[in-house]
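# Working through the structure, step by step
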Amino acid sequence: MDDQALPITEHLAELRMRLAWIVGALVVGTAISYDQAERIFGFLVAPVLASLPEGAKLQAIRPTEIFFTYLKCAVLSGFVLSLPIFFWHTWRFVAPGLYPGERRAVVPFVFFSTILFTSGAFFGYTMIFPVIFGFFTSFDSAFAESAWTMQEVFSLTTRLFLAFGVAFELPIVVFFLSITGVLTARQLLAGTPYAVLAMFVVGAVLTPPDVVSQILLAIPMVGLYLVGVGVAWVFGPKQEPAQRDARDPA
């Protein structure tokens, strides 16, 4: 695209085109994953089963529950496979509003965004899932024992899986705020106390209603925020936004 302002109709046409690419990639990824949906589900819920008594299985209480749970697994896998396409077209859509030097960061953006999302999801899966589900099964007693359904377990694990994936994108968000001149690294650092509060609120919203899950999500987000500020400090623009606009008029 050129640097000239485009009418709203052309922006909408471009948005539809990029959404079509993203949806198409999701459909292809889902189709590829569907044949392995049962194995994907087994991998996803392995930490859950490990927290249950030996030999315990998840329950399917509706005739369609197994089929639709496996279908949702395929969609989740398709989403992960389509992440590079999603990030590529997201960047290309916002690129016209950036400076020429910033637009060339598309490849690093796609690479690091994909790596951070998958790293966050893997971190949640390996380090946090066992703690959370172990916490929930600790309430078993002589009066009740855990007998969870496929749908409920898949819903919770997917929610946590995506929450940790999105949370690990925080350095990218912070760096983007810096390079676009919305906030400087100095301002981001000064706003750390407010950011910490916001992260605990986000942790409470994205995780189940227990303090353990909230803390286990919020603490890594705080560290990632500081990493993003550090990266912005090193690689971001050194001048204030007003100075930057004066030197690089749109």
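Cut-offs and rules
- Residues numbered from 1 in each chain as written.
- Predicted model: local features only at pLDDT ≥ 70, side-chain atom pairs only at ≥ 80, totals over all residues.
- Heavy atoms only, no water.
- Helix = DSSP H or I, 4+ residues; strand = E, 2+ residues; numbered from the N terminus.
- Buried < 20%, exposed > 50% of the residue type's maximum accessible area, 1.4 Å probe, protein only.
- Contact = heavy atoms within 4.5 Å.
- Areas by Shrake-Rupley, 256 points an atom, 1.4 Å probe, with all protein chains shown as cover.
- Arc of directions from axis to C-beta.
- Polar contact = N/O pair within 3.5 Å; in protein donor to acceptor, adjacent residues only side chain to side chain.
- Core = buried A, V, L, I, M, F, W, Y, C linked by side-chain atoms within 4.5 Å.

### Some remarks on the overall build of the chain
What the chain contains, in helices and strands, is 13 helices and zero strands. Going from the N terminus to the C terminus, the chain shows its helices and strands as α-α-α-α-α-α-α-α-α-α-α-α-α. Buried positions account for 39% of the 250 residues belonging to the chain. Put simply, of all contacts in the chain between residues at least 6 apart along the chain, 80% involve residues at least 24 apart. In the form shown here, the chain has an accessible surface area of approximately 14,300 Å², with 71% of it arising from carbon and sulfur atoms.

### A closer look at helix α2 (residues 37-44)
Within the sequence span of α2, burial applies to Ala37, Phe41 and Leu44. Projected onto a plane normal to the axis of α2, the buried residues spread over an arc of 65° and lie on a single side. Every exposed residue of α2 that faces more than 90 degrees away from the buried side is listed here: Glu38 and Arg39. In this fold, the buried residues of α2 make contact with α1 (8-34), α3 (46-51), α4 (65-81), α7 (106-137) and α8 (150-167).

### Things to note about the side chain of serine 146
Looking at where serine 146 falls in the secondary structure, it is placed in the loop between α7 and α8. A polar contact of 2.7 Å, which involves the side chain of serine 146, links it to the side chain of aspartate 140. When residues no more than four places from it in sequence are discounted, the contact partners of serine 146 are Leu52, Thr137 and Asp140.

### Section: the nonpolar core
Counting residues in each nonpolar core, the largest one holds 36 residues, and the members touching the most others are Phe41, Leu58, Leu170 and Tyr225. Residue contributions to this core peak at nine residues, all from α8. Counting residues in hydrophobic clusters, the runner-up holds 11 residues, among them Phe87, Ala95, Phe109 and Val110.

So, to be careful, I would describe these as geometric facts and stop short of saying anything about function.
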